[in-house]
Number of protein chains: 2
Amino acid sequence: MSARRLHLNVNLLHSGVYPSAWRLPASRPDAFMDVGHYVRVARIAERGKLDAIFLADTPSVSDRIDYRPFLSLEPTIVLASVAAATTHIGLIATASTTYNEPYNLARRFATLDHASGGRAGWNVVTTADAAASCNFGLASVLEHGARYERAREFVDIVHALWDSWEDDAFVGDKETGRFVDTTKVHPIRHRGAHYAVEGPLNVPRPPQGRPVTVQAGGSNDGRDLAAATADAVFTLSQTIADGVAYARDLRARAASLGRAPGSIVILPGLATVIGSTEAEARRRQDELWELVPLEYSLARLAGTLQIAPERLALDKPLPDPLPLPANANQTMFQGTVALARRDNLTVRELLRALGGGVGHRIVVGTPDAVADDIEAWFRAGAADGFNLMPDVLPEGLETFVDAVVPILQRRGLFRTAYAGSTLREHLGLDRPPSRNAQPGPESLSA
Amino acid sequence: MSARRLHLNVNLLHSGVYPSAWRLPASRPDAFMDVGHYVRVARIAERGKLDAIFLADTPSVSDRIDYRPFLSLEPTIVLASVAAATTHIGLIATASTTYNEPYNLARRFATLDHASGGRAGWNVVTTADAAASCNFGLASVLEHGARYERAREFVDIVHALWDSWEDDAFVGDKETGRFVDTTKVHPIRHRGAHYAVEGPLNVPRPPQGRPVTVQAGGSNDGRDLAAATADAVFTLSQTIADGVAYARDLRARAASLGRAPGSIVILPGLATVIGSTEAEARRRQDELWELVPLEYSLARLAGTLQIAPERLALDKPLPDPLPLPANANQTMFQGTVALARRDNLTVRELLRALGGGVGHRIVVGTPDAVADDIEAWFRAGAADGFNLMPDVLPEGLETFVDAVVPILQRRGLFRTAYAGSTLREHLGLDRPPSRNAQPGPESLSA
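The rules behind the values
- Residues numbered from 1 in each chain as written.
- Chains lettered and ligands numbered in written order.
- Predicted model: local features only at pLDDT ≥ 70, side-chain atom pairs only at ≥ 80, totals over all residues.
- Heavy atoms only, no water.
- UniProt positions renumbered as here; feature names shortened; annotations may be inferred.
- Helix = DSSP H or I, 4+ residues; strand = E, 2+ residues; numbered from the N terminus.
- Expected span 1.5 Å × (residues − 1).
- Buried < 20%, exposed > 50% of the residue type's maximum accessible area, 1.4 Å probe, protein only.
- Polar contact = N/O pair within 3.5 Å; in protein donor to acceptor, adjacent residues only side chain to side chain.
- Least-squares fit on C-alpha atoms with pLDDT ≥ 70 in both.
- Contact = heavy atoms within 4.5 Å.
- Phe/Tyr/Trp six-rings, centres within 6.5 Å; stacked < 30°, edge-to-face > 60°.
- Lys NZ or Arg CZ within 6 Å of the ring centre and 35° of its normal.
- Core = buried A, V, L, I, M, F, W, Y, C linked by side-chain atoms within 4.5 Å.
- Buried area = accessible area lost by both parts, 1.4 Å probe.
- Salt bridge = Lys/Arg side-chain N within 4 Å of Asp/Glu carboxyl O.
- Nonpolar A, V, L, I, M, F, W, Y, C, P; charged D, E, K, R; others polar.
- Domains from an automatic or database assignment.
- Axes fitted to C-alpha atoms, helices over the stretch in contact; angles between N-to-C directions.
- Parallel < 35°, antiparallel > 145°, perpendicular 65-115°, else oblique.
- Left-handed = near helix turned anticlockwise from the far one by under 90°.
- Pairing = 2+ DSSP bridges.

- If you check an unreviewed UniProt entry, chain A appears there as LLM class flavin-dependent oxidoreductase from Methylobacterium planeticum.
- What UniProt records for chain A under Sequence similarities (unreviewed entry) is the sentence "Belongs to the NtaA/SnaA/DszA monooxygenase family."

1. Points about helix H1 (residues 35-47) of chain B
A turn of α-helix holds 3.6 residues, and therefore any two residues three or four places apart point the same way.
All names here are of chain B.
Then, number 1: The end-to-end C-alpha separation of H1 is 18 Å, in line with the 18 Å expected for 13 residues at 1.5 Å each.
Then, number 2: When we look at burial in H1, the residues that qualify are Val35, His37, Tyr38, Val39, Val41, Ala42, Ile44, Ala45 and Glu46.
Then, number 3: For H1, the side-chain oxygen to backbone nitrogen distance between the N-cap and Gly36 is 2.8 Å, and the N-cap itself is Asp34.
Then, number 4: The positive-phi residue at the C-terminal boundary of H1 is Lys49, with phi of around 60 degrees.

2. Thoughts on the relation of the copies chain A and chain B
Then, number 1: Turning chain A through 180 degrees and shifting it by 0.0 Å along the axis lays it on chain B, with an RMSD of 0.0 Å. The operation mapping one copy onto its partner corresponds to a two-fold rotation axis. No C-alpha of chain A lies nearer the rotation axis than that of Ser81(A), which sits 2.3 Å from it.
Then, number 2: Counting the interface residues of chain A, we find that 100% of their copies in chain B are interface residues as well, pointing to one common contact surface.

3. A look at the packing of aromatic side chains
Then, number 1: Taken as a whole and judged by the stated rule, the model has 30 aromatic pairs over all chains.
Then, number 2: Where Phe170(A) meets Phe179(A), the ring centres are 5.2 Å apart and the plane angle is 75 degrees; that geometry is what we call edge-to-face.
Then, number 3: An angle of 75 degrees between the planes, with centres 4.9 Å apart, marks the rings of Phe54(B) and Phe234(B) as edge-to-face. Of the two residues, Phe54(B) is situated in strand S2 (residues 52-55) and Phe234(B) in strand S10 (residues 232-235); the sequence distance between them amounts to 180 residues.
Then, number 4: Exposure remark for Phe234(B): the relative accessible area of 10% places this residue in the buried category.
Then, number 5: Through a chain of ring-to-ring contacts, three or more aromatic side chains come together here, namely Trp22(A), Phe32(A), Phe70(A), Trp165(B), Phe170(B) and Phe179(B).
Then, number 6: In this structure, Arg4(A) is placed above the aromatic ring of Phe378(A), and the distance from its NZ or CZ to the ring centre is 3.9 Å.

4. Concerning the nonpolar core
Then, number 1: One finds Leu50(A) and Leu50(B) to be the most contacted residues of the largest nonpolar core, which totals 174 residues.
Then, number 2: Counting residues per element, this core draws most heavily on helix H5 (residues 144-162) of chain A, which supplies 9 residues.
Then, number 3: When near neighbours in sequence (up to four residues on either side) are disregarded, Leu50(B) contacts Leu8(B), Asn9(B), Val10(B), Ala45(B), Ile89(B), Leu388(B), Leu397(B), Val401(B), Val405(B), Phe414(B), Arg415(B) and Tyr418(B).

5. A short note on the interface of chain A and chain B
Then, number 1: Across the boundary between the two partners, chain A contributes 69 residues, which contact 69 residues of chain B.
Then, number 2: Each partner contributes to the roughly 5,400 Å² buried at the junction of chain A and chain B, and carbon and sulfur atoms together form 64% of this total.
Then, number 3: Among the residues of chain A in contact with chain B, Ile77(A), Lys174(A) and Phe179(A) are the three that bury the most area, contributing 14% of the side total.
Then, number 4: For the interface between chain A and chain B, the tally reads 2 salt bridges.
Then, number 5: Its salt-bridge partner being Arg107(A), residue Asp57(B) comes within 2.5 Å of it at the nearest N-O pair.
Then, number 6: Of all the elements in the fold, those that place two or more residues in the side of chain A that touches chain B are helix H2 (75-84), helix H3 (102-115), strand S5 (170-173), strand S6 (178-180) and strand S8 (196-197) of chain A.
Then, number 7: If one sorts the elements of the side of chain A that touches chain B by residue count, H3(A) sits on top with 8 residues.
Then, number 8: Residues that form the side of chain A that touches chain B fall into these classes: 37 nonpolar, 18 polar and 14 charged.

6. Section: the domain arrangement of chain A
For an interface, size is often stated in terms of accessible area lost upon the parts coming together.
Residues and elements named next belong to chain A.
Then, number 1: Splitting chain A by domain gives domain 1 (7-274 + 360-445) and domain 2 (293-354).
Then, number 2: Using only C-alpha atoms to locate each centre, domain 1 and domain 2 end up separated by 28 Å.
Then, number 3: Counting residues at the interface gives 19 residues for domain 1 and 17 residues for domain 2.
Then, number 4: Summing both partners gives a buried area of about 1,500 Å² for domain 1 against domain 2, and 57% of it is carried by carbon and sulfur.
Then, number 5: The largest per-residue losses of area from domain 1 upon contact with domain 2 belong to Tyr67, Leu236 and Gln238, which jointly make up 33% of the total buried on that side.
Then, number 6: Where domain 1 touches domain 2, the interface holds 1 salt bridge.
Then, number 7: With a shortest N-O distance of 3.9 Å, Arg64 and Glu295 are connected by a salt bridge.
Then, number 8: For the interface between domain 1 and domain 2, the tally reads 2 residue pairs in polar contact (both at pLDDT 80 or more).
Then, number 9: Grouping the amino acids of the side of domain 1 that touches domain 2 by side-chain chemistry returns 8 nonpolar, 6 polar and 5 charged.

7. Notes on the side chain of Arg424(A)
Residue and element names in this part refer to chain A.
Then, number 1: If you trace the backbone, Arg424 turns up in helix H14 (residues 423-427).
Then, number 2: Residue Arg424 is classed as buried on the basis of its relative accessible area, which comes to 5%.
Then, number 3: Beyond its immediate chain neighbours, meaning those up to four positions away, Arg424 contacts Gln208, Arg210, Pro211, Val212, Asp231, Leu429, Asp430, Arg431 and Pro432.

8. A few points about the packing of H2(A) against helix H2 (residues 75-84) of chain B
Then, number 1: Remark: H2(A) packs on H2(B), axes separated minimally by 7 Å, with the N-to-C direction vectors making an angle of 40 degrees. Classed by the angle they form, the pair H2(A) and H2(B) counts as oblique. For H2(A) against H2(B), the interelement crossing comes out right-handed. Taken together, the residues of H2(B) that come into contact with H2(A) (itself represented by Thr76(A), Ile77(A), Ala80(A), Ser81(A) and Ala84(A)) are Thr76(B), Ile77(B), Ala80(B), Ser81(B) and Ala84(B).
Then, number 2: When the residues that make up the contact of H2(A) with H2(B) are grouped by side-chain class, the tally is 6 nonpolar, 4 polar and no charged.

9. Here's the deal with the pairing of S5(A)
Residue and element names in this part refer to chain A.
Then, number 1: By the bridge criterion, 2 bridges tie S5 to S6 in an arrangement that is antiparallel. Within S6, the position partnered with Phe170 by the bridge is Val180.
Then, number 2: Following S5, the chain reverses through 4 residues before pairing antiparallel with S6; Gly177 in that reversal takes a positive phi of roughly 80 degrees.

10. Examining the UniProt feature "binding site: FMN" (unreviewed entry) in chain A
Residues and elements named next belong to chain A.
Then, number 1: UniProt records the feature "binding site: FMN" (unreviewed entry) for Asp57, Thr94, His144, Tyr148 and Ser219 in the present numbering.
Then, number 2: Tracing the chain through its elements places Thr94 in strand S3 (residues 90-96).
Then, number 3: Judged by relative accessible area, which is 2%, Thr94 ranks as buried.
Then, number 4: Those residues in contact with Thr94 that lie beyond four places of it in its chain are Phe54, Leu55, Ala56, Asp57, Pro75, Asn123 and Val125.
Then, number 5: Side-chain polar atoms of Thr94 contact the backbone oxygen of Leu55, separated by 2.7 Å.
Then, number 6: Mapping Ser219 onto the fold places it in the loop between strand S9 (212-215) and helix H6 (220-229).
Then, number 7: A relative accessible area of 3% places Ser219 in the buried class.
Then, number 8: In contact with Ser219, not counting residues within four places along its chain, are His144, Tyr148, Gln330 and Thr331.

11. Re the environment of Gly209(A)
Residue and element names in this part refer to chain A.
Then, number 1: Tracing the chain through its elements places Gly209 in the loop between S8 and S9.
Then, number 2: Classification of Gly209 as buried rests on a relative accessible area of 0%.
Then, number 3: Distance from Gly209 to Gly269, taken between C-alpha atoms, is 27 Å for residues 60 residues apart in sequence.
Then, number 4: In this view, Gly209 contacts Trp162, Arg431 and Pro432; residues no more than four positions away in its chain are not counted.

12. Let's talk about the pattern of salt bridges
Then, number 1: Under the counting rule described, the total for this entry stands at 76 salt bridges over all chains.
Then, number 2: Across the pair Arg189(A) and Glu198(A) runs a salt bridge, and its minimum N-O distance is 3.4 Å.
Then, number 3: A relative accessible area of 56% places Arg189(A) in the exposed class.
Then, number 4: Here Asp66(B) makes a salt bridge to Arg64(B), at a shortest N to O gap of 3.1 Å.
Then, number 5: Linked through salt bridges whose partners overlap, the residues forming this network are Asp163(A), Asp167(A), Arg205(A), Arg210(A), Arg431(A) and Arg435(A).

13. Let's talk about the environment of Leu142(A)
Then, number 1: Relative to the assigned elements, Leu142(A) resides in the loop between helix H4 (130-134) and H5.
Then, number 2: Spatially, the C-alpha atoms of Leu142(A) and Thr98(A) are 8.5 Å apart, while their sequence positions differ by 44 residues.

Now the structure itself:
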């Protein structure tokens, strides 16, 4: 058995995870809408031998755009352009099960997988955001349980469509004129509670069999969905203990469904602020924090908690009790509240700890300190790797690739070259057979 | 006033418009699912200074895949990859109003327009295909009028979303921290018979203001939709007289809606089979025709006419009368029947005239003959240019670009270099202002 290896994705959030990243001297404010920026970051990630770039998404104006860059360009289109300009880096796009049709989505990701030679991944979200529902004819957002019930059916349909062509259905024999062996192309005939989809997909089986399925929900429903369907999870954990508990819980759920507990790659978010000394890193963090308007940080925190900003007194702790609102992003809500309660923070201190809206755990320090942190989580079993969120892009990723990656490589934790060409190969995941694959003469005689 | 210039798109139909194109020695049977093939053809089109490449689409298995390549990869994803590998060629993707959400579609094309520096076009179709309806939970296809009624509302929403950001709404001022001037970003608050969409789009205004809108319907409803919303139309005409009558009708409809009659670029489909002599071209056509299985040609014709193949006797004319079926693709149906009746063809002769499933007008001959044909249609006002359908790709386009384009250039009919960088500029179309644009101090004092 080969040594367990670390996996690293980079969350390509426009100008960087700090809401103020766009204001630094080297940053280009319009990077969020410039595909060239995404290509540059992807090439740096590829130079660092990272597993994948990851694009978040929501189909609405999702943030205070008066203050900061936001989720804007449609991720699968961006990644198709990035695919043409790169060769190895994995390409994970977020897409909502609540606001897409399964046939269209299965087809778009299958196409991206063909276009990239097997590097596509789909991050499944159900989209808690109320503004999105109004862009799709709904008066209000579906409640959490209903969204996840639809999501489960949706993911199952997408997987069935990716399996609807057997791997050898395409023939293309010029002599006989036989183009496709239609006995190996199967309708899926899905009739469920929420969807009816006949199939088959009109795209031959993707190079990866199925593009990698990623799931980012930390709620009970989200964990069940991940345990049943995900190849990788993008989680939010603030401590090693949280991370270990999450991993144990998720692997137990997967095992209870008959899956190998190690078959899901667990990748918590990790924001990084790196300096050549501890003091330099701290100064960089201070600079980024001071450029975030307080009004923005407060509005963002109030949004996460789904309460009025007036209920937040800067020099007092969070209101107590603080019940979970029906339509909250549960992962974000719980992570934020846990952080505040653990260190008994005032709202002002919490805003700073959250980086003015970063949301995920932030590690601040030298390349060695960042590598130590990563190694500690990895060895404790709190993570199989990380979804990196550099403070500023591309600069923060460049520093990570040039200064932290070599340390991780020297320690034998991270690859020094890509061993394969597909995202599944990078992540150490098997290529799933089509559910329609027939045992042929070869397999019978094996 | 500058001289009227010809416009040429190439319909990038996998291995070429002939169903047998994939069987020629130089063809690669898997070209239909290889994005590299689309890139190669696009680069040849760009070398020939063509206006755009055009991708047809339907979200289903749309043809007899046992015999031939089919509409497979999702076009906007393919074009995003092509965008990264080209600099000038326009990029037109077909997408259905019946099986998409307007917010998602507006966003995907706006993203493609940003990613390509203003080269995106959307070919609006309503998708007559019955197999598609079963992939989206519908028991049967919506009837023609209902599809077009939804389409009109859909296109209006998409245009409104593209206008929801004024051109100067993005600020990005590092000093003040102002990122977007939100007074210049407008919800659309659409509440219609079929859709409710709040907006605004989460993508700043596309480089072209609005990506080019193309429409391909020849029916009465299709013409009304084109007259109201299209920048360009992809039509089917078999004779110059048909083409002139179509152009007159469409321009009159546009004028009655207050649009400049010349503001719509009319581009009939034109299949080309080119040889260095007339005899060589005929031999090439024979070779392509003989490689199409008769069973396939018959099934395809029966599908266009929506009748059972058994009703078609090879050596007799088409059944008469032959009423227009409710769910037919009207443009294809009428073009096919008109061709058969005009020359009093038997079914066998009709199949050959249709190229075994080409559907559009076929010109067979030397480069000079092809150029003469194009010039005659253009000068008669039957066309502003053509949607070229080379017999075989990339070979047939290469011949067109190397042999026919220089003739058209020498005759002063076609550009020798791109004058602009956007698809609107290639097509001679104005960049539309946002409907929300306010007259500023500059325009008041001008």
